[in-house]
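# Survey of secondary and tertiary structure
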Amino acid sequence: MAEIYSSIACNLDTHILQAALPLFEQEKVEAIEWSFDTLYKFGEIPTWFTDLVSEFSSHHRLIGHGVYFSLFSGKWSPGQEEWLARLKKLSAEFNFEHITEHFGFMTGEDFHKGAPISIPLTPATLALGKDRLQRIQDACQCPVGLENLAFSYSIEEVSKHGTFLDQLVEAVNGFIILDLHNIYCQVHNFGIDFADILRLYPLNKVREIHISGGSWDDTLTPARKPVRRDTHDESVPEAVFEFLAKAIPQCPNLKFVVLEQMGTALETQASQVAFQSDFLRMDSIVKSLARKSLPIPAHLFAPLAGPAHPVPLEDPDLYKQQMQLSHILETAANVSEAHAMLRASDLRNNAWEVENWAPYMLETAMAIAQKWKNGFV
Amino acid sequence: MYSLIHLNRSLMRISKSVLQAVAVAVTVTALATACTDSAVGPNGEKTTKNKTVDPCPACGMG
């Protein structure tokens, strides 16, 4: 019988820990997901926090989730080199059951600024992503996975995302995080049925599922509905719980289901109680369905032997385009201006397919990039 | 029957001393004051040299 651990995204954040503490005390939290690269502002980590992480580590209930690596940046950066060195050090200190990162490249002028935005799905970017995943696996020496991205420029991109993720993780015998709120965003923003999107993913490679809440943006879709964004600042929508119940039976190798919420959205007692309620609801769904799973082979996603190539792969043209796109998204005053800037940029008439980008999603990309261009302040 | 077996296998028990330390850190000292140069943690150890501990960005950048 396979066990599926009900987990929370647990980081060094007052309000997250305040919300999680009663669940810890009740022994409800079976694993934690730690975003190990979000401590860059700290000289040292408080002992009580490393003790908490160590407890989960020693019970093989710790998973790591990177935020800042910028997997598809066309240029290899010192920040990425430092990120890997830090991961290698932490992997010697803690037992990570696996390490994951986000799809896309980070907009923003330095390593800890910006937000993940998608890239063209081409053989060149596939090679770049595989190179980066191999470096992550070299550093952590444990299973490596990637999360599906909430944001898409077009419905065509949504339709290709699952297959591209599948091809990427092949390089490291890796797995996929299926973020159900990210899919909820796509269901809503592009008017696609959940079952139809789910069929596009290699569900046998799903080892982790995320659920979270988000927000509605004033930007309107063609159906005159507001755009859904993955902001992790609200409770989990009812539809996402329903997605979870539908997805679990289709993911035979699922091991972790993680509830995520930003600490900034957990400042009040009411929001913390709502978080706890969401967790218990998630746990009840997991427990009611876990017994139908078969045992997971122990080495299903085991790291592949052999180091990555000594020289990191780079794509200068892609990097130049990414810099141009970041600048456009962060500085354009409106969608019309952004369109004009894109038509005058190196992104026109090529694999970026900017000509096919949904205007409301371009506006959303601008909102995301402008929100995070100064980092988390 | 199944549920009891399953829950027992999944249980993750955190030691009381660790839980108490976390509780003290988040409720008494509060992380906002636990991260100045001269701050001390719940067990008297120096915590961090930074001015603020939270909030943490993690995911949610969508």
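Because the structure is predicted, anything quoted here is derived from the model rather than measured.

On a plain count of helices and strands, chain A comes out with 12 helices and 12 strands. The C-alpha radius of gyration of chain A comes to 20 Å, within 12% of the 21 Å expected for a compact globule of 377 residues. Looking at chain A as a whole, 51% of its 377 residues are labelled buried. Considering only intrachain contacts with a sequence separation of at least 6, the fraction spanning at least 24 residues in chain A is 81%.

Turning next to the overall build of chain B. In terms of helices and strands, chain B carries two helices and zero strands. Residues classed as buried in chain B amount to 32% of the 62 residues present.

Residue and element names in this part refer to chain A. Core analysis: the largest hydrophobic core is formed by 114 residues, its most contacted members being Leu 180 and Ile 209. In terms of residues, this core owes the most to one element, helix H12 (residues 359–372), which gives seven residues. If near-sequence neighbours (up to four positions away) are discounted, Leu 180 is found in contact with Ile 209, His 210, Ile 211, Val 240, Phe 243, Leu 244 and Ala 247.

What follows is about the sheet that holds strand E4 (residues 99–102) of chain A. Residues and elements named next belong to chain A. With parallel pairing, the eight strands of this closed barrel are ordered in space as E1-E2-E3-E4-E7-E8-E9-E12. Across the sheet, the mean angle from the axis of one strand to that of its neighbour is 25 degrees, orientation sign disregarded. Here strand E8 (residues 175–179) pairs with strand E9 (residues 206–212) via four bridges, running parallel. Across the sheet, residue Asp 179 finds its bridge partner in E9, namely His 210.

Turning next to the pairing of strand E7 (residues 144–147) of chain A. All names here are of chain A. A two-sided burial pattern is seen for E7, the buried positions comprising Val 144 and Leu 146 on one face and Gly 145 and Glu 147 on the other. Examined bridge by bridge, E4 and E7 share four bridges and lie parallel to one another. In the strand pairing of E7, Thr 100 is matched with Gly 145. The pairing of E7 with E8 spans three bridges and is classified as parallel. The residue bridging Gly 145 from the neighbouring strand is Phe 175, located in E8. What joins E7 to E8 is helix H5 (residues 155–169), and the crossover it makes is right-handed.

Turning next to the environment of Leu 19 of chain B. Here Leu 19 of chain B lies in helix H2 (residues 16–33). Ignoring anything within four residues of it in the chain, the contact list for Leu 19 of chain B reads Phe 24 and Glu 25 of chain A together with Ile 14 of chain B.

All names here are of chain A. Relative to the assigned elements, Gly 214 resides in the loop between E9 and strand E10 (215–220). For Gly 214, a count of 23 C-beta atoms within 10 Å gives the class buried. Spatially, the C-alpha atom of Gly 214 lies 5.7 Å from that of Arg 229, the residues being 15 residues apart in sequence.

What follows is about the packing of helix H4 (residues 123–140) of chain A against H5 of chain A. All names here are of chain A. Running from amino to carboxyl end, H4 crosses H5 at an angle of 45 degrees, the nearest separation of the two axes being 9 Å. Looking at the two axes, H4 sits oblique to H5. Considering only the axes of H4 and H5, their crossing is right-handed. Residue-level inspection shows Leu 126, Gly 129, Lys 130 and Leu 133 of H4 in contact with H5, the latter providing Phe 164, Gln 167, Leu 168 and Val 169. Residue composition of the contact of H4 with H5, grouped by class: five nonpolar, two polar and one charged.

So, about unusual backbone geometry. Residue and element names in this part refer to chain A. The backbone of Gln 141 shows a phi angle near 55 degrees, a positive value even though the residue is not glycine. With respect to the helices and strands, the residue Gln 141 is situated in the loop between H4 and E7. C-beta crowding within 10 Å serves as the criterion here: with 13 such atoms nearby, Gln 141 is assigned to the partly exposed category. Positive phi values are uncommon outside glycine, yet Arg 224 reaches one of about 65 degrees. As for its placement among the helices and strands, Arg 224 is situated in the loop between E10 and strand E11 (226–229). According to the C-beta neighbour criterion, Arg 224 is exposed, with 6 such atoms within 10 Å.

This part covers the pairing of E11 of chain A. Residues and elements named next belong to chain A. The pairing of E10 with E11 spans four bridges and is classified as antiparallel. Counterpart to Leu 220 in the pairing with E11 is Pro 226. In this antiparallel pair of consecutive strands, E10 and E11, the connection spans five residues, and Arg 224 shows a positive phi of 65 degrees.

To continue, consider helix H2 (residues 47–58) of chain A. In an α-helix, one turn spans 3.6 residues; hence positions three or four apart end up facing the same way. All names here are of chain A. Compared with the 16 Å implied by 1.5 Å per residue over 12 residues, the 16 Å span of H2 between its first and last C-alpha is a close match. For H2, every residue scored as buried is listed here: Trp 48, Phe 49, Leu 52, Val 53 and Phe 56. Down the axis, H2 shows its buried residues gathered within 140 degrees of arc, on one side only. Within two residues after H2, His 60 carries a phi angle of roughly 60 degrees, on the positive side.

Basis of the calculations
Residues numbered from 1 in each chain as written. Chains lettered and ligands numbered in written order. Predicted model: local features only at pLDDT ≥ 70, side-chain atom pairs only at ≥ 80, totals over all residues. Helix = DSSP H or I, 4+ residues; strand = E, 2+ residues; numbered from the N terminus. Rg over C-alpha atoms; globule rule 2.2 N^0.38 Å. Buried ≥ 20, exposed ≤ 12 C-beta atoms within 10 Å, placed from the backbone. Contact = placed C-beta atoms within 7 Å. Core = buried A, V, L, I, M, F, W, Y, C linked by C-beta atoms within 7 Å. Pairing = 2+ DSSP bridges. Axes fitted to C-alpha atoms, helices over the stretch in contact; angles between N-to-C directions. Right-handed = clockwise from strand over helix to strand, strands pointing away. Parallel < 35°, antiparallel > 145°, perpendicular 65-115°, else oblique. Left-handed = near helix turned anticlockwise from the far one by under 90°. Nonpolar A, V, L, I, M, F, W, Y, C, P; charged D, E, K, R; others polar. Expected span 1.5 Å × (residues − 1). Arc of directions from axis to C-beta.

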